[in-house]
Amino acid sequence: MTHPLVTGIDGSDESLTAVDWAVDEAARHGLSLRLVHASRWERYERAVPSRGLGRPPERVFIENLVASAAERVGRRNPDVKVTTEIVADDAADALLREGDNAFAVVTGARGRGELKSLLLGSVGLSVAARARCPVIVVRGDKAGLAASHERILLGASEPANGAEAVRFAFSEAEARGCALDVVRAWRRPMHESADDPALTDEPALRHEERASEVLDALLRDAMAGHPGVQVRRVTVEGPAHSVLVRRSAAADLVIVGARRRHGHLGLQLGRVSHTLLHHADCPVAIVPHTVSD
């Protein structure tokens, strides 16, 4: 049984943008779309004396919000099957639970009530940092949101930690019929400063060769399994978070892996993922890889 694509909705503009993006994504992969609205208010409703025989206005508002989002899906693509759920729970907890049986979870960059000073809302950040399925935060400029670049960007990590992200990236590129840029950033140790005239190019060449070897090992199996995907391998000197943010301006989706440690309940995002979630110019997919320690 194929898992659905799950999208959190709360009526904000960012949430509706995420719904539109999720409809297109579901259509690409032949998935159903599950719209989830979560609110703590319904927990408290049971503890408050009823004000009459009719439904509380808060409940009516939520039902209308969810129904409106489902209608929006039908208008955008009537072939995408949509289901809805209203959950009496914290939004992040509800989406994390839904993610256990999802192809991926899609969220907006910021929801209702989030402080405008936050570049990424607390719900999106919490879900991206803790989910056991891929999480896609829909953000970026018009070109990236419209998938007009026809290019996917993958930030390459070590082969032992990046296999899931590679598989996800090739699946995305194949479904979209677009090119895949795979970027491995590398940096010189501090004692090999590029500004030191006493140094030759040999250390830099050695680091670049190492980065190229990482790409070879990381991509070998995936390229053999997806011969129709056009892949461009790139090694770049510089901090990975800066390199990927800069290149996200020419991508429709940037994908990075994230390590999930067994039994670790806190936020599990590295600097690269955290920076992309706040600053990328296109949607960001965080693909988890579970490690034992």
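Look a little higher up for the structure.
Predicted model only: the values in this text are computed from it and were never measured.

About the criteria used
- Residues numbered from 1 in each chain as written.
- Predicted model: local features only at pLDDT ≥ 70, side-chain atom pairs only at ≥ 80, totals over all residues.
- Heavy atoms only, no water.
- Helix = DSSP H or I, 4+ residues; strand = E, 2+ residues; numbered from the N terminus.
- Buried < 20%, exposed > 50% of the residue type's maximum accessible area, 1.4 Å probe, protein only.
- Contact = heavy atoms within 4.5 Å.
- Areas by Shrake-Rupley, 256 points an atom, 1.4 Å probe, with all protein chains shown as cover.
- Salt bridge = Lys/Arg side-chain N within 4 Å of Asp/Glu carboxyl O.
- Pairing = 2+ DSSP bridges.
- Right-handed = clockwise from strand over helix to strand, strands pointing away.
- Core = buried A, V, L, I, M, F, W, Y, C linked by side-chain atoms within 4.5 Å.
- Expected span 1.5 Å × (residues − 1).
- Axes fitted to C-alpha atoms, helices over the stretch in contact; angles between N-to-C directions.
- Parallel < 35°, antiparallel > 145°, perpendicular 65-115°, else oblique.
- Left-handed = near helix turned anticlockwise from the far one by under 90°.
- Nonpolar A, V, L, I, M, F, W, Y, C, P; charged D, E, K, R; others polar.

A. Quick peek at the overall build of the protein. Scanning the protein from terminus to terminus reveals 10 helices and 10 strands. Out of the 293 residues in the protein, the part that is buried amounts to 46%. Looking at the protein alone, contacts between residues at least 24 apart form 79% of all its contacts between residues at least 6 apart. Per element, the accessible surface of the protein, about 14,900 Å² overall, is 50% carbon and sulfur.

B. Inspection of the environment of Ala-165 at higher detail. On the secondary structure map, Ala-165 appears in helix α7 (residues 159-176). On the accessibility criterion, Ala-165 (4% relative accessible area) is buried. The spacing of Ala-165 and Ala-258 is 93 residues in sequence and 8.4 Å in space, taken between C-alpha atoms. Ignoring sequence-local partners within four residues, the contact set of Ala-165 consists of Leu-154, Ile-255, Val-256, Gly-257 and Val-287.

C. Structural context of the side chain of Thr-107. With respect to the helices and strands, the residue Thr-107 is situated in strand β4 (residues 104-108). Ignoring anything within four residues of it in the chain, the contact list for Thr-107 reads Ala-18, Leu-95, Gly-124, Ile-136, Val-137 and Val-138.

D. Geometry of unusual backbone geometry. Phi angles above zero are rare outside glycine, and Ala-147 is one such case at about 60°. In this fold, Ala-147 is placed in the loop between α6 (142-145) and β6 (151-155). Look at Ala-147 and you get partly exposed, because its relative accessible area is 23%. If you check the backbone angles, Glu-150 has positive phi at about 55° while not being a glycine. Along the chain, the position of Glu-150 falls in the loop between α6 and β6.

E. Inspection of the pattern of salt bridges at higher detail. Counted according to the given criterion, the structure contains 15 salt bridges. With a shortest N-O distance of 2.8 Å, Arg-76 and Asp-24 are connected by a salt bridge. A residue pair is termed long-range when its members are at least 10 positions apart, and Arg-76 in helix α3 (residues 57-76) and Asp-24 in helix α1 (residues 13-29) qualify at 52 residues. With relative accessibility at 27%, the residue Asp-24 sits in the partly exposed group. Residues Glu-25 and Arg-28 are paired through a salt bridge, measuring 2.8 Å at the closest nitrogen-oxygen approach. You can see Glu-25 and its partner Arg-28 sitting in helix α1, 3 residues apart, about one turn around the helix. Connected via shared salt-bridge partners are Glu-25, Arg-28, Glu-172 and Arg-176.

F. Representation of the pairing of β6 within the structure. Burial of β6 is extensive: 4 of the 5 residues sit out of reach of the surface. Note that β6 and strand β7 (residues 179-186) share 5 bridges and pair parallel. Within β7, the position partnered with Leu-154 by the bridge is Val-182. Of the crossover connections in this fold, the one passing from β6 over α7 to the parallel β7 is right-handed.

G. Structural detail: the nonpolar core. Core analysis: the biggest nonpolar cluster contains 42 residues, and Leu-5, Leu-33, Val-106, Ile-136, Leu-154, Leu-180 and Ile-255 have the highest contact counts within it. Setting aside anything within four residues of it in sequence, one finds Leu-5 in contact with Ala-22, Glu-25, Ala-26, Leu-31, Ser-32, Leu-33, Arg-34, Phe-103, Ala-104 and Val-106. In this structure, Val-87, Val-137, Ala-185 and Leu-277 belong to the second largest nonpolar core, which totals 38 residues.

H. Spotlight on α1. With 17 residues, α1 should reach 24 Å at 1.5 Å per residue; the first-to-last C-alpha distance of 25 Å fits that figure. For α1, the set of buried residues is Ser-15, Ala-18, Val-19, Asp-20, Trp-21, Ala-22, Val-23, Glu-25, Ala-26 and His-29. After α1 finishes, the residue Gly-30 shows a positive phi value of roughly 65°.

I. Local environment of the packing of helix α9 (residues 240-247) against helix α10 (residues 271-279). Where α9 contacts α10, the axes come no closer than 9 Å and their chain directions differ by 30°. When the interaxial angle is binned, α9 and α10 end up roughly parallel. Taken as a pair, α9 and α10 cross one another with a handedness that is right-handed. Across from Ala-240, His-241, Leu-244 and Val-245 in α9, the residues of α10 making contact are Arg-271, Val-272, Thr-275, Leu-276 and His-279. The class makeup of the residues in the contact of α9 with α10 is 5 nonpolar, 3 polar and 1 charged.

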